[in-house]
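The chain contents come next:
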Amino acid sequence: MKLLITGGAGYIGSHTTLELLNAGYEIVVVDNLCNSKEESLRRIQQLTGKSLVFYNVDLLDRKNLDTVFARESIESVIHFAGLKAVGESVKMPLDYYYNNITGTLNLCSIMSNYDIRTLIFSSSATVYGDPHTVPIKEDFPLNPTNPYGRTKFMIEEILKDLYNSDNRWNIALLRYFNPVGAHGSGRIGEDPNSTPNNLMPLIAQVAVGRGSILTVYGNDYPTPDGTGIRDYIHVVDLATGHLKTLNKIVKDPGFYIYNLGTGRGFSVLEVISAFEEISGKKIKYTIGERRSGDIAICYADPARANRELSWKTYFGINDMCVDMWRWQSLNPNGYE
Ligand code: NAD
Ligand code: WQD
């Protein structure tokens, strides 16, 4: 089966592309490289010994996107491409709404023109906002608290409307919790084009000497050690979640929503301590103010994905730190 992977050069897209190539899929990647490098795709091909087709195309560029569909006999699409920095989305809401929503509208309308209706979409736990309780189930109320999260929420609504308008569409919304870690080879990993915003890459940068000190955003949350708790999921487990989802929806078409998380939460201090143990480095940190918009506790109930997709996570927090550290220490400057 030939798949189109939008955003396939990025962090989660590259890991998923690698697993899909290993599973025997033919892959076409569309990415405008606004937050990634083509080197990730070169390394995936090296690691798998298989080739893929790459188009440096922006989803906002309808004409060139259409050309990709005209040239390639695509059967299904996994849609990762989007802007994802919460803080930046608050400062540049129009860019976020335009890129993420218009990009998705272009993609879906071209898919429809070519009679392609199988789509897996990268949503986020951010659509739940501050949950009334944990673990979070898929039917919890949605209440995103920032423009980035609202783009995910709006796209989810658009895709639901699309499915309701025509049941030949076959759509899965995957709500990722906190993806971390890297491929076990240490050859591919997360390498954003600007400073990372997420905890694990920031810790890794301090460990490798690229950052001097980590600020822990608040230690007065109602959690055992006062710091925020999240459901960190190894990016390779997340990647296999996409393969399982594809198997499911190809066999049994419909409209599906799945949480992809481990179901276990770790605090900021627990993650720092795990990383210190694995890397043998002391992570210098200071306790700062709470970061605006942050919540105390967030972790998934992944039971639906476990049951319906026959998917479960294999990697624990130590594996996540080992693989993150391997990637960071072998590639201190990312793909440069
Ligand atoms: P990433 O930035 O590494 O990957 C996104 C890719 O999309 C990049 O390679 C970027 O160049 C590309 N892209 C962006 N806009 C594009 C456009 N208009 N046309 C073509 N390419 C475009 O991010 P990631 O962490 O791999 O995230 C992948 C998806 O998963 C995103 O949709 C993100 O919102 C979602 N997600 C990420 C996380 C996370 O913490 N990493 C959590 C939940 C959901
Ligand atoms: C984790 C914990 C912080 C940085 C974000 C997005 C979410 C999703 C995943 C895309 C929190 C604390 C962090 C630092 C810290 N992305 N922290 N010091 O905020 O749970 O989720 O990424 O969909 O939408 O919001 O992840 O890694 O930023 O933070 O103390 O320098 O680490 O307060 O408790 P978050 P994160």
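Overview of the structure. Everything numeric here is computed off the predicted structure, so don't read it as measured data.

**Brief notes about the site of ligand 1**
- Residues in close proximity to ligand 1 total 27 residues, the closest being Asp31, Asn35, Ser36, Phe80 and Tyr148.
- A distance of 2.8 Å is found between a nitrogen atom of ligand 1 and a side-chain nitrogen or oxygen belonging to Asn99.
- Protein contacts shield 96% of the accessible area of ligand 1, which totals 820 Å² for the unbound molecule.
- If you list the elements that add at least two residues to the shell around ligand 1, you get helix 1 (11–22), strand 5 (118–124) and helix 6 (147–165).
- The element that contributes the greatest number of residues to the shell around ligand 1 is strand 5, accounting for three residues.

**Things to note about the nonpolar core**
- Membership of the largest hydrophobic core comes to 38 residues, with the highest contact counts inside it found for Ile5, Leu20, Ile27 and Leu260.
- When contributions to this core are tallied by element, the ones reaching two or more residues are strand 1 (2–6), helix 1, strand 2 (26–30), helix 2 (39–48), strand 6 (170–176), helix 8 (235–251), strand 11 (255–260) and helix 10 (303–309).
- If one sorts the elements of this core by residue count, helix 8 sits on top with six residues.
- In contact with Leu20, other than residues within four places in its own chain, are Leu3, Ile5, Tyr25, Ile27, Ile78, Leu243 and Leu246.
- Val28, Ile74, Val77 and Ile171 belong to the second largest nonpolar core, which has 26 residues in total.

**What to know about the sheet that holds strand 12 (residues 266–267)**
- Read from one edge to the other, the open sheet built from three strands follows the order 12-9-14, with strand pairing classed as mixed. For this open sheet the edge positions go to strand 12 and strand 14 (297–298), each flanked by a neighbour on one side alone.
- Looking at chain direction, strand 9 (residues 229–230) and strand 14 are connected through two bridges and run parallel. Paired with Ile229 across the bridge in strand 14 is Ile297.

**Here's the deal with the pairing of strand 8 (residues 214–217)**
- Burial of strand 8 is one-sided: the residues Leu214 and Val216 facing one way are buried, the residues Thr215 and Tyr217 facing the other way are not.
- Alignment of strand 8 against strand 13 (residues 285–288), held across four bridges, turns out to be parallel. Paired with Val216 across the bridge in strand 13 is Ile287.

**Notes on the packing of helix 1 against helix 2**
- One way to put it is that helix 1 packs onto helix 2 with a least axis distance of 10 Å and a crossing angle of 30°. Taken together, the axes of helix 1 and helix 2 lie roughly parallel to each other. For the pair helix 1 and helix 2, the sense of crossing is right-handed. Two secondary-structure elements touch here, helix 1 through Ser14, Thr17, Leu18, Leu21 and Asn22 and helix 2 through Ser40, Ile44, Leu47 and Thr48.

**Regarding the site of ligand 2**
- With respect to spatial proximity, 19 residues lie near ligand 2, and among them Ser124, Tyr148, Thr215, Arg230 and Asp294 are the closest.
- Take Asn178: an N or O atom from its side chain is 3.0 Å from an oxygen atom of ligand 2.
- Leu199 has a polar backbone atom sitting 2.8 Å from an oxygen atom of ligand 2.
- Per element, the largest residue contribution to the shell around ligand 2 is four residues, and it comes from strand 8.
- Tallied by class, the residues present in the shell around ligand 2 amount to nine nonpolar, seven polar and three charged.

**Some words on the pattern of salt bridges**
- This model, assessed by the stated rule, comprises 18 salt bridges.
- Asp301 is the salt-bridge partner of Lys137, the closest N and O atoms lying 2.8 Å from each other. Separated by 164 residues along the polypeptide, Lys137 in the loop between strand 5 and helix 6 and Asp301 in the loop between strand 14 and helix 10 bring together distant segments of the chain.
- In this structure, Glu156 engages Arg175 in a salt bridge whose closest nitrogen and oxygen atoms are separated by 2.7 Å. With Glu156 in helix 6 and Arg175 in strand 6, the pair connects residues that are 19 residues apart, well separated along the chain. The two residues Glu156 and Arg175 agree in class, both being buried.
- Connected via shared salt-bridge partners are Asp115, Arg117, Asp166 and Arg168.

**What to know about the packing of aromatic side chains**
- What the rule picks out here adds up to six aromatic pairs.
- Here the aromatic rings of Tyr163 and Phe255 are separated by 5.7 Å at their centres, their planes lie at 35°, and the arrangement is tilted. Taken as a pair, Tyr163 in helix 6 and Phe255 in strand 11 lie far apart in primary sequence, 92 residues in all.

**Observations regarding the state of the cysteines**
- If you walk through the whole model with that rule in mind, you get zero disulfides.
- With no disulfide of its own, Cys298 lies closest to Cys321 among cysteine sulfurs, the gap being 18 Å.

Each value, and the rule that gives it
- Residues numbered from 1 in each chain as written.
- Chains lettered and ligands numbered in written order.
- Predicted model: local features only at pLDDT ≥ 70, side-chain atom pairs only at ≥ 80, totals over all residues.
- Heavy atoms only, no water.
- Near = heavy atom within 4 Å.
- Polar contact = N/O pair within 3.5 Å; in protein donor to acceptor, adjacent residues only side chain to side chain.
- Areas by Shrake-Rupley, 256 points an atom, 1.4 Å probe, with all protein chains shown as cover.
- Helix = DSSP H or I, 4+ residues; strand = E, 2+ residues; numbered from the N terminus.
- Core = buried A, V, L, I, M, F, W, Y, C linked by side-chain atoms within 4.5 Å.
- Buried < 20%, exposed > 50% of the residue type's maximum accessible area, 1.4 Å probe, protein only.
- Contact = heavy atoms within 4.5 Å.
- Pairing = 2+ DSSP bridges.
- Axes fitted to C-alpha atoms, helices over the stretch in contact; angles between N-to-C directions.
- Parallel < 35°, antiparallel > 145°, perpendicular 65-115°, else oblique.
- Left-handed = near helix turned anticlockwise from the far one by under 90°.
- Nonpolar A, V, L, I, M, F, W, Y, C, P; charged D, E, K, R; others polar.
- Salt bridge = Lys/Arg side-chain N within 4 Å of Asp/Glu carboxyl O.
- Phe/Tyr/Trp six-rings, centres within 6.5 Å; stacked < 30°, edge-to-face > 60°.
- Disulfide = S-S within 2.5 Å.

Purely geometric numbers; function is a separate question.
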